[in-house]
Amino acid sequence: MKYIGFILFTVLTNAAAQLMLKYGMMQLGPLSFAGLNPILKILEIVFSPWVFLGLSTFVISMASHLYVLSKVELSFAYPFLSLAYVAVAACAYFMFREELNAFRIAGIGFICIGTVLIAQSGGCDAETTATTTTPETVKTSELAR
């Protein structure tokens, strides 16, 4: 549980990146590649300010996630990323006036319940896991190299 702050930072930067990408694409309008060089169009999209900022935020989110993965089990850390959907759905409702119907709200509830259950399970440190591996596990991982 001592890495929960880093996990939540990863979740929030992931959600923020999604929102920036959406806003950036709204600024660009509907995509069309008709009569255009696709490479130039892709560069135009990538280097538009909000899309570029969103992509950069994804890089920060990924760096944070890599740090988290070096400290806790994947089966503990990864499910927390589903909370990004919760944040995105709520923000999209308020920022972009997207629909938030009963099925989405129920899904958000299930995501929250599942994340709480996973959090209660505790996240074993990756370092602890490394010291408790069996000789068979080590031999298998050495063969994989």
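What you see is a predicted model; the values in this text were computed from it and never measured.

A. Representation of unusual backbone geometry. Positive phi, normally seen in glycine, also occurs at Arg-97, with a value near 60°. Here Arg-97 shows up in the loop between α5 (83–95) and α6 (102–120). With a relative accessible area of 67%, Arg-97 lands in the exposed category.

B. Fine view of the packing of aromatic side chains. Across all of its chains, the model carries 6 aromatic pairs by this definition. Between Phe-6 and Tyr-67, the aromatic rings sit 4.8 Å apart at their centres with planes inclined by 55°, giving tilted as the arrangement. Taken together, the residues span a long stretch of sequence, with Phe-6 in helix α1 (residues 4–28) and Tyr-67 in helix α3 (residues 49–69) at a distance of 61 residues. Here the aromatic rings of Tyr-93 and Phe-94 are separated by 5.0 Å at their centres, their planes lie at 80°, and the arrangement is edge-to-face.

C. Seen up close, α6. For α6, with 19 residues, the first-to-last C-alpha span of 27 Å sits near the 27 Å given by 1.5 Å per residue. For α6, the set of buried residues is Ile-108, Thr-115 and Ala-119. The arc enclosing the buried residues of α6, seen along the axis, measures out at 35°, which places them on a common side. Exposed residues on α6 whose side chains face more than 90 degrees from its buried face are Ala-102, Phe-103, Phe-110, Ile-113, Leu-117 and Gln-120. N-cap assignment for α6: the residue whose side-chain oxygen lies 3.1 Å from the backbone N of Phe-103 is Asn-101. Of the residues one or two after α6, Gly-122 is the one with positive phi, at around 80°.

D. Spotlight on the pattern of salt bridges. Applying the stated criterion across every chain, the model contains 1 salt bridge. Lys-41 is paired through a salt bridge with Glu-44; the nearest N and O atoms lie 3.7 Å apart. One end of the pair, Lys-41, and the other, Glu-44, are both in helix α2 (residues 38–46), 3 residues apart, so they sit about a helical turn from each other. Glu-44 sits in the partly exposed class, given a relative accessible area of 43%.

About the thresholds
- All residue numbers here refer to positions counted from 1 along the written sequence of the relevant chain.
- Per-residue local features of the predicted model are confined to residues with pLDDT of at least 70, and side-chain atom pairs are confined, for both listing and counting, to 80 or more; whole-chain, interface and lining totals are unaffected and use all residues.
- Calculated side-chain values reflect all of the structure's heavy atoms, with hydrogen atoms and water omitted.
- We count a stretch as a helix when DSSP gives it H or I for four or more residues in a row; a strand needs E for two or more, and each element gets its number in order from the N terminus.
- Categorising residues by exposure relies on relative accessible area from a 1.4 Å probe, with only protein chains included: less than 20% of the type maximum marks a residue as buried, more than 50% marks it as exposed, and the intermediate range marks it as partly exposed.
- Two aromatic rings from Phe, Tyr or Trp, using only the six-membered ring of Trp, form a pair when their centres are within 6.5 Å; if the ring planes differ by under 30 degrees the pair is stacked, by over 60 it is edge-to-face, and anything between is tilted.
- Here a helix's expected span is defined as the number of its residues, less one, multiplied by 1.5 Å.
- Directions are taken from the helix axis to each C-beta atom, and the arc is the one they span.
- We call two N or O atoms a polar contact when they sit within 3.5 Å, provided that within protein one can donate a hydrogen and the other can accept it, with sequence-adjacent residues counted only if both atoms are side-chain atoms.
- One speaks of a salt bridge when a side-chain nitrogen belonging to Lys or Arg is within 4 Å of a carboxyl oxygen belonging to Asp or Glu.

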